[in-house]
Amino acid sequence: MEIKKDLDIKWDKILLVWFWWFKNMWDELILLWNIKLLQKQWKKIFVISQDNNWLKIFLSKEIDCSEITFVDELPRWFRSSIKYLKKNWFKQLKLFFEIDTVILWWWEILTEESSHSYYYRFWSIRPSLFFKKNLYIMGWVQIPQKKLNKKLFNFTLKRTCKIFCRDFEWVEELKKYGFENAEFFMDTSYFVRDNWEWYKKEVDEKYIVININSNWKHFMKDLKDESKKYINQWYDCYFVPVCTGWTDDDNRLFGELKKEFKNIKIYKRDDNFEQFLQFLWWAKCVVSARLHLYLISEYMWLNVVNFPYQKKILKMQNVMKKLK
């Protein structure tokens, strides 16, 4: 199957709305290529995020941000409303009248596997509701079971022009549900590099790379067994944090993992993404419990041992097999 590389969006002034995370490698890469795709189509791009200054710095390493308009998120409740007024962000409201299209994107965009997902996404589409803009959705969409979620889901679908799903199953499920305008579109992080084979191995380094998520204790024995195959042969062991935003999940998990692997070291990928990819390429094995690291390793045809902790990883494993 050929991977489609163009987003079928008719209008020209696009607002990208995501789930406010920052310093999360996966969100960054999806956003980066969403912007690249739209830039190639000569769209005028607006971006909402939690930390615009940080995001500008990150994106500027890869793309020209001079024509991108960064917008602070709309307030969600009382305290954020006060902050919004104090910082004079209300002056940005005029920008919402300029756009004609909203793209709501993230990996787990509408799924009951993430708590309050439908509630948070409903807040996210306010720019399209309040200002009556065209709405597109990109991500993993799941048919809800809970009554309130179904109401929010049906309300959202009525206002959605098209859904770009990242797995094949939910394209069919949406069509069965009655929403015909859904199609598969590869997770856009894949397009961050034109050619992932560019990273050629020059030496056979003796180290492995590990990443875990909060469910790691459920598969701790297998993780330890897999890692010790290499550690017993005097391989170094590196932990790569990929989610270091305000939750700081990975740095906290590194502290827990260090109790099991005394000599494990940390490798920070924030400073130079190119250098990080080179480091990853030279690893003998990547042991991952996060979708973030698993997919990049698959793109580069590395030796990957993956521990699927959620359906999204199993789904992407199926997508990768189908796309070969």
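Let us look at the structure shown here.

Cut-offs and rules
Within every chain, residues take consecutive numbers counted from 1 along the sequence as written. Selection of residues for local features in this predicted model requires a pLDDT of at least 70, selection of side-chain atom pairs for listing and counting requires 80 or more, and totals for whole chains, interfaces and linings are taken over all residues. Only heavy atoms go into the side-chain values, all of them from the structure, while hydrogens and water stay out. Working definition: helices are DSSP H or I runs of at least four residues, strands are E runs of at least two. Numbering for both runs from the N terminus. The reference for a compact globule is 2.2 Å times residues^0.38; the radius of gyration itself is calculated from the C-alpha atoms. Per-residue accessibility, obtained with a 1.4 Å probe over protein chains only, is compared with the maximum for each type, and a residue is labelled buried under 20%, exposed over 50%, and partly exposed between these values. Only strands that DSSP links by at least two bridges are regarded as paired with each other. Here an axis means a line fitted to C-alpha atoms, over the contact stretch when the element is a helix, while the angle between two N-to-C directions is reported on a 0 to 180 degree scale. Crossover handedness is defined by viewing with both strands directed away from the observer: a clockwise path from the first strand over the helix to the second marks the crossover as right-handed. To count as a disulfide, a pair of cysteine sulfur atoms needs to be within 2.5 Å. Under this definition, polar contacts are N or O atom pairs within 3.5 Å; protein pairs additionally need one hydrogen-donor-capable and one acceptor-capable atom, and for neighbouring residues in sequence, both atoms have to be side-chain atoms. Residue contacts are counted whenever heavy atoms from the two residues lie within 4.5 Å of one another. Stacked, edge-to-face and tilted are the three classes for Phe, Tyr and Trp ring pairs, Trp counted by its six-membered ring, which pair at centre distances within 6.5 Å; planes under 30 degrees apart are stacked, over 60 edge-to-face, the rest tilted. Either the NZ atom of lysine or the CZ atom of arginine qualifies as a charge over a ring when it sits within 6 Å of the ring centre and within 35 degrees of the ring normal.

## Overview of the overall build of the protein
The secondary structure content of the protein amounts to 13 helices and twelve strands. Taking 20 Å as the expected radius of gyration for a compact globule of 324 residues, we find that the protein reaches 20 Å, a close match to that expectation. Dimensions of the protein along its principal axes, counting C-alpha atoms only, are 60 × 45 × 40 Å. Across the 324 residues in the protein, those meeting the buried criterion constitute 57%.

## Thoughts on the sheet that holds strand β5 (residues 134-139)
Overall, parallel pairing links the seven strands, which are arranged β3-β2-β1-β4-β5-β6-β7 in an open sheet. Looking along the sheet, the strands with just one partner apiece sit at the ends: β3 (69-72) and β7 (182-184). Averaged over all neighbouring strand pairs, the angle between strand axes comes to 20°, with direction disregarded. As paired strands, β5 and strand β6 (residues 160-165) are joined by five bridges and run parallel to one another. Bridge assignment links Tyr-136 to a residue of β6, and that residue is Lys-162.

## Some points on the environment of Lys-262
Considering the arrangement of structural elements, one finds Lys-262 in the loop between α10 (249-260) and β10 (265-266). The spatial distance from the C-alpha of Lys-262 to the C-alpha of Leu-59 is 35 Å, given a sequence separation of 203 residues.

## Topic: the pairing of β3
For a regular strand, side chains alternate in direction, first toward one face of the sheet and then toward the other. Every second residue of β3 is oriented toward a common face, with Thr-69 and Val-71 on one face and Phe-70 and Asp-72 on the other, all of them buried. Inspection of the sheet shows strand β2 (residues 44-49) paired to β3 by four bridges, in the parallel sense. Residue pairing across strands places Phe-46 opposite Thr-69, the latter belonging to β3. Read from β2 through helix α2 (residues 52-60) to β3, the crossover connection turns out right-handed.

## What about unusual backbone geometry?
Of note, the phi angle at Trp-42 is positive, near 60°, even though the residue is not glycine. Assignment of secondary structure puts Trp-42 in the loop between α1 (25-40) and β2. Of the residues examined, Trp-42 reaches a relative accessible area of 77% and is grouped as exposed.

## A closer look at the state of the cysteines
In this structure the tally under the stated criterion is zero disulfides. Its sulfur unpaired, Cys-165 is 15 Å from the next cysteine sulfur, which belongs to Cys-161. Of the residues examined, Cys-165 reaches a relative accessible area of 1% and is grouped as buried. Sulfur of Cys-237: no disulfide; nearest cysteine sulfur belongs to Cys-285 and is 10.0 Å away.

## With respect to the sheet that holds strand β11 (residues 285-288)
One open sheet accounts for five strands, arranged β10-β9-β8-β11-β12; its pairing is parallel. Of all strands in the sheet, those bounded by a partner on one side alone are β10 and β12 (304-306). As defined by bridge partners, strand β9 (residues 236-239) adjoins β10 across two bridges and the pair is classed as parallel. Among the inter-strand pairings, Phe-239 is bridged to a residue of β10, identified as Ile-266.

## Details of the side chain of Glu-183
Note on placement: Glu-183 falls in strand β7. Here Lys-162 takes part through its side chain, which lies 2.9 Å from a polar atom of the side chain of Glu-183. Residues in contact with Glu-183, not counting those within four places in the same chain, are Lys-4, Lys-162, Ile-163, Phe-164, Cys-165 and Val-171.

## So, helix α5 (residues 117-124)
Within α5 the residues assigned to the buried category are Ser-117, Tyr-118, Arg-121, Trp-123 and Ser-124. Next to the buried residues of α5 lie β1 (13-17), β4 (101-105), α6 (126-130) and α7 (147-158).

## A look at the packing of aromatic side chains
In total, this model carries 16 aromatic pairs according to the counting rule given. Ring pairing ties together the aromatic residues Trp-11, Trp-33, Tyr-136, Phe-164, Phe-185, Tyr-190, Phe-191 and Tyr-299, which thus form one cluster. Above the plane of the ring of Phe-46 lies Lys-44, whose end atom (NZ or CZ) is 5.6 Å from the centre. Directly above the ring of Phe-168 sits Lys-322, whose terminal nitrogen or CZ lies 4.5 Å from the centroid.

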